[in-house]
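# Working through the structure, step by step
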Amino acid sequence: MIKSAVTISLVKEAEGGPFIFWHDLAAGCAKAAELGYDAVEVFAPNADAIPVDELRGLTAQHNLKVAAVGTGGGWVIHKWHLCQPDAASRDNAKNFIRAIIDAGAQLSAPAIIGSMQGRFEGDVSKKQAHDFLRDALNELGEHAKAAGVPLIYEPLNRYESNLLNRAEDTVEFLGTLDTDNVVILADLFHMNIEETNISEALRTYGKHIGHVHFVDSNRRPAGCAHMDYAPIAAALKETGYDKYASAEAFPWPDSDAAAKTTIDAFNKHLA
Ligand SMILES: [Mn+2]
């Protein structure tokens, strides 16, 4: 059975971004539980800002899980990523992610590498960047394995990264990793931009899918644009997907309405 989740951002610098709830874990968890969500996905500025004990208490109180934790603060706040030309910056990025893997693991929540993957540009060739990404995913994937959680890698659309945008390229790249602990985040917004056919791409990912960002084509909540969810739901169910569909979308028209719209779409298509 696919489970529902909703995002809570604690990152001041990310304001205006695609997260449903903002800056208040207690209020976000209470609303998520009231609407019937299974879990929350938490985006914090850094590992130390993930309040592990508070989250453990809130999720226990509301019978929720923590679906995943984001790592994008390293990019949004520090402009670090895994494909920068100098080793010191790449190490900063890896250390930042490693600490978030450890914090999330205390809540059984895997970390997501999205914007921290970076891009190739300047003196860094595409091949060099893929080598940097491969090394980082191998190292961090094994680190996550030792902590008891998978590591989630999120292919982004072409306007956010030029490393891996499409399912067929991503699956081929996954085949070159030494670790078996990296899973894919299928974000329907990114896929709508890049894929010829979203449900076919989900079948291409198949067993590699470890998390879904459940959102509409314009990054508003599911049900607010022209995404066709019936074939998407069919493809996910066909692959046996049983992890989270998480609302990572703009809080449109406001946080509470966005959370309600998404859980209604989840119950209609994915439950
Ligand atoms: Mn996403």
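Structural data are supplied above this passage.
The following refers to the structure shown.

Calculation criteria
Residues numbered from 1 in each chain as written. Predicted model: local features only at pLDDT ≥ 70, side-chain atom pairs only at ≥ 80, totals over all residues. Heavy atoms only, no water. Buried < 20%, exposed > 50% of the residue type's maximum accessible area, 1.4 Å probe, protein only. Helix = DSSP H or I, 4+ residues; strand = E, 2+ residues; numbered from the N terminus. Pairing = 2+ DSSP bridges. Right-handed = clockwise from strand over helix to strand, strands pointing away. Phe/Tyr/Trp six-rings, centres within 6.5 Å; stacked < 30°, edge-to-face > 60°.

### A few points about the pairing of strand E8 (residues 209-213)
Burial runs high along E8: 5 of the 5 residues are buried. Across 2 bridges, E8 lies against strand E9 (residues 244-247) in parallel orientation. Bridging across to E9, His213 finds its partner in Ser246. A crossover connection joins E8 to the parallel E9 through helix H9 (residues 229-238); in handedness this β-α-β unit is right-handed.

### Some thoughts on the packing of aromatic side chains
Summed over the entire model, instances satisfying the criterion amount to 4 aromatic pairs. Ring centres 4.9 Å apart and planes at 20° place the aromatic pair Phe19 and Phe43 in the stacked group. Here Phe43 lies in strand E3 (residues 39-43) and Phe19 lies in the loop between strand E1 (3-9) and strand E2 (21-22), a separation of 24 residues in the sequence. Here Phe19 falls in the buried class, since its relative accessible area comes to 10%. The exposure class assigned to Phe43 is buried, which follows from its relative accessible area of 8%. Ring centres of Phe214 and Tyr229 lie 5.3 Å apart, and the angle between their planes is 65°; this geometry places the pair in the edge-to-face category.

Any functional reading would require information beyond the geometric quantities listed.
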